[in-house]
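Each chain is listed here by its residues.
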Amino acid sequence: MPMTHGVLLSFDNAQTWKKLLDTGADTVNVVDFGPTIAKVERVLYWRNTSGGEWIMSSLDGGLSLYNTPGIAIPSGTIQSIAVDPLVPLTAYIATHTGPGGPAGNGRFDKLYKTTDGGKTLTDITAGVNALPLNGSDTYLRGCSGLAVDPKNSLRVWMTQGKGTVGGTMGIALSTDGGVTWAWKYGPAEVLDHLENLVIDSKDSNIVMVVGREGSPFADPYRIFRTIDGGASWSRLWLTLPATDSIGGKWIARTPSGILIAATYRLGVSLGYSGNNGAAWSNKVAAAMDTPGVPDTTVHYVESNAVGSAFYMSVQAVGLFKSSPLAASWSAVLADADYSGHSIPDPLQPTWVWHCGKRTLSTDGGVFRSTNSGVAWSARRNGGYDGPPFAIGAIKSVG
């Protein structure tokens, strides 16, 4: 077995191992995972708003809480959760408070890190606040995206670009697990409304971010891409109908290089590329929205584990699944009260997880489908659970 450091788990008399905790050194670790340890394969994190702002976690697919009763977030709203794909007991949680200057720490509030599956949180905001500000700016715009390098746990990407009012924006990288940060794009460039970022699963030097340049709403959305770890950037000129490119956006990528981008406002528009963004085709998904209604919101777009289907969460409409080449879409959860975040399982191509509201009779919860969204079972019901939602799979080593 290759050299590794940390806490390992085997269910088959040491034939195969799963890494639970990476220490990076020859250290003896004693970790109490409680009665759920025999079921550990996925680590789930989600936001709970019952009586405050909480981060919740589960090691058994939502059937029980691992970090009972959860960890209260002292200020701000949980904006993003990023799980380490190599060691999913490590995750990053970003919060923001909304508009404001230095007294309210701007739109960026706190960045937390857990290395024990959400049992404890460490405040690592100081490194983010040390990022140089642009010109006369007095605060950071706000974290709008987080992602951990799938091949290197120490590399964490962040976009600062939430909202459309003031503050420094840019794309930042940490190479030491969130302790220190450096701008990789910005803050000198005029960026606007940066959203989620995607790291290539095969080559983690390829990173893509959706956003705009210029004054607010002056330019259409495009995808900023680096193929050299942030040393240089290019623009993928994604063209969508002007009436639709006013609202939010989301991108997803399959292992084979297929990209899909979604925007909303006066309808849902999809940009599809089968060649890593070199060429695009527009697909207007009229069935997913009420045309002309501004609050038709694409919350998330995700690819399943093998890239054979995309799943798209549309606020107040439902969850949709695509055909292999995104040529057609069908509703797998059609509900006028639908909200939340649906994530394809990182291990099983036909499994889908959902966190949030699913029916008119449900305040919120964690749900799972094992047949591509045809049927669902409640893993954890109630409690006003909702997005952001993140899943990490325990990786085998050796």
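Our subject in this report is the structure included herewith. (Residues numbered from 1 in each chain as written. Predicted model: local features only at pLDDT ≥ 70, side-chain atom pairs only at ≥ 80, totals over all residues. Heavy atoms only, no water.)

## Points about unusual backbone geometry
Piece 1. With a phi close to 60°, Ser-372 is a non-glycine residue in the positive phi region.
Piece 2. You can call Ser-372 buried: its relative accessible area is 13%. (Buried < 20%, exposed > 50% of the residue type's maximum accessible area, 1.4 Å probe, protein only.)

## Observations concerning the sheet that holds strand S8 (residues 110-114)
Piece 1. Pairing is antiparallel in the open sheet, where four strands are placed in the order S6-S7-S8-S9. Only two strands of the sheet have a single neighbouring strand rather than two, namely strand S6 (77-83) and strand S9 (122-123).
Piece 2. Summarising the sheet, strand S7 (residues 91-96) and S8 pair through five bridges and their orientation is antiparallel. Bridging across to S8, Tyr-92 finds its partner in Lys-113. (Pairing = 2+ DSSP bridges. Helix = DSSP H or I, 4+ residues; strand = E, 2+ residues; numbered from the N terminus.)

## Observations concerning the nonpolar core
Here is a general trend for soluble globular proteins: nonpolar side chains tend to be buried in one another's company.
Piece 1. Counting 16 residues, the largest nonpolar core has Tyr-92, Leu-111, Val-128, Leu-146, Met-158 and Trp-181 as its most contacted members.
Piece 2. Looking at this core, the elements that each hand over two or more residues are S7, strand S10 (143-148) and strand S11 (156-160).
Piece 3. Residue contributions to this core peak at three residues, all from S10.
Piece 4. If you look at the next biggest cluster of nonpolar residues, it comprises 15 residues, including Tyr-66, Leu-89, Ile-93 and Ala-390. (Core = buried A, V, L, I, M, F, W, Y, C linked by side-chain atoms within 4.5 Å.)

## What about the sheet that holds strand S13 (residues 182-185)?
Piece 1. The strand order across the open sheet built from four strands is S10-S11-S12-S13, with neighbouring strands paired in antiparallel fashion. The open sheet has two edge strands with one neighbour each: S10 and S13. The mean angle between the axes of side-by-side strands here comes to 30°, regardless of whether they run parallel or antiparallel.
Piece 2. As paired strands, strand S12 (residues 170-174) and S13 are joined by three bridges and run antiparallel to one another. If you follow Leu-173 over to S13, its bridge partner there is Ala-182. (Axes fitted to C-alpha atoms, helices over the stretch in contact; angles between N-to-C directions.)

## Some remarks on the pattern of salt bridges
Piece 1. Scanning all chains against the criterion turns up four salt bridges.
Piece 2. The salt bridge partner of Glu-53 is Arg-47, with a shortest N-O separation of 2.5 Å.
Piece 3. Taking the relative accessible area as the measure of exposure, Glu-53 reaches 11% and is therefore buried. (Salt bridge = Lys/Arg side-chain N within 4 Å of Asp/Glu carboxyl O.)

## Let's talk about the packing of aromatic side chains
Piece 1. Evaluation of the coordinates by the stated rule reveals four aromatic pairs.
Piece 2. Between Tyr-185 and Trp-233 the ring centres are 5.4 Å apart and the planes differ by 40°, which places this aromatic pair in the tilted class. Here the residue Tyr-185 occupies a position in strand S13, and Trp-233 occupies one in the loop between strand S17 (222-226) and strand S18 (234-236), the gap between them amounting to 48 residues. Residues Tyr-185 and Trp-233 agree in their burial class; the two are buried.
Piece 3. Each residue in the set Trp-157, Tyr-185, Phe-224 and Trp-233 is aromatic and connected to the rest through ring pairs, giving one cluster.
Piece 4. The ring of Tyr-66 carries the charged tip of Lys-119 above its face, separated from the ring centre by 4.8 Å.
Piece 5. Taking the ring centre of Trp-351 as reference, the NZ or CZ of Arg-368 above it sits at 4.4 Å. (Phe/Tyr/Trp six-rings, centres within 6.5 Å; stacked < 30°, edge-to-face > 60°. Lys NZ or Arg CZ within 6 Å of the ring centre and 35° of its normal.)

## Remarks on the side chain of Asp-149
Piece 1. By the element assignment, Asp-149 lies in the loop between S10 and S11.
Piece 2. A distance of 3.3 Å separates the side chain of Asp-149 from the backbone nitrogen of Asn-152, its partner in a polar contact.
Piece 3. Side chain to side chain, Asp-149 and Ser-204 meet in a polar contact 3.1 Å long.
Piece 4. Excluding anything up to four places from it in sequence, Asp-149 contacts Pro-85, Arg-155, Ile-199 and Ser-204. (Polar contact = N/O pair within 3.5 Å; in protein donor to acceptor, adjacent residues only side chain to side chain. Contact = heavy atoms within 4.5 Å.)

Keep in mind that these numbers describe shape and distance, not what the molecule does.
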